[in-house]
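What follows is the residue order along each chain.
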Amino acid sequence: MYGSRAALCIEADRTRGGFETVAVEGALATAPRTYDWSEKIRVQLTAQELPLFAAALLGYLEAFEAANHGEQGKGVTLIRQPDRGAAFVRVVARGVAPRAAA
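Rules used throughout
Residues numbered from 1 in each chain as written. Predicted model: local features only at pLDDT ≥ 70, side-chain atom pairs only at ≥ 80, totals over all residues. Heavy atoms only, no water. Helix = DSSP H or I, 4+ residues; strand = E, 2+ residues; numbered from the N terminus. Rg over C-alpha atoms; globule rule 2.2 N^0.38 Å. Buried < 20%, exposed > 50% of the residue type's maximum accessible area, 1.4 Å probe, protein only. Contact = heavy atoms within 4.5 Å. Areas by Shrake-Rupley, 256 points an atom, 1.4 Å probe, with all protein chains shown as cover. Lys, Arg positive; Asp, Glu negative; His and termini not counted. Charge placed at Lys NZ, Arg CZ, Asp CG, Glu CD. Salt bridge = Lys/Arg side-chain N within 4 Å of Asp/Glu carboxyl O. Arc of directions from axis to C-beta.

Draft legend 1. Inspection of the overall build of the protein at higher detail. Summing up its helical and strand segments, the protein has one helix and eight strands in all. Whereas a compact globule of 102 residues would reach a radius of gyration of roughly 13 Å, the protein reaches 13 Å, a difference of no more than 12%. Each of the 102 residues in the protein was classed as buried or not, and the buried ones make up 33%. Nonlocal contacts in the protein, meaning residues at least 24 apart in sequence, comprise 33% of its contacts between residues at least 6 apart. Approximately 6400 Å² of the protein is accessible, and the part contributed by carbon and sulfur atoms is 51%. Measuring between centres, the 12 positive side-chain charges of the protein sit 4 Å from its 11 negative side-chain charges.

Here it is, written out as structure tokens:
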């Protein structure tokens, strides 16, 4: 997902323990269509969060939120916007600007 202020990437991932999951990454825009991926926020979903995130993506839930991941207090929020045919996604971490796109 690309926005004017940030870009987000949602991709398959694997935890250190070998569990298949999804990671959500967010990078701030530094110029039009240019994003600083070296300073990204990366959140891996837990086994308990993964089905709820999938349900929100597929439209079975209107919203999803995961919070307090790791020492940096990382989190991700997904809010469906069916009237726009889109979803708003925001990735946060303590002490840095949030990354959000719709």
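Having seen it, we continue.
Draft legend 2. Broad picture of unusual backbone geometry. Unlike most non-glycine residues, Arg33 shows phi in positive territory, near 60 degrees. Looking at the element boundaries, Arg33 is found in the loop between strand E2 (20-31) and strand E3 (34-35). One non-glycine residue, Asn68, lies in positive phi territory at about 60 degrees. Among the secondary structure elements, Asn68 is positioned in strand E5 (residues 63-69). Classification of Asn68 as exposed rests on a relative accessible area of 66%.

Draft legend 3. Main features of the pattern of salt bridges. Following the criterion strictly, the structure yields five salt bridges and no others. Each of Glu11, Asp13, Glu25, Lys40 and Arg42 takes part in a single network of salt bridges with overlapping partners.

Draft legend 4. Region of the structure containing helix H1 (residues 49-58). Taken residue by residue, H1 has Glu49, Phe53, Ala55 and Ala56 as its buried positions. An end-on view of H1 places all buried positions within 160 degrees of arc, on one side of the element. Facing away from the buried side of H1 by more than 90 degrees, the exposed set consists of Pro51 and Leu58. Elements that come into contact with the buried residues of H1 comprise strand E1 (6-14), E2, strand E4 (41-44), E5 and strand E6 (74-81).

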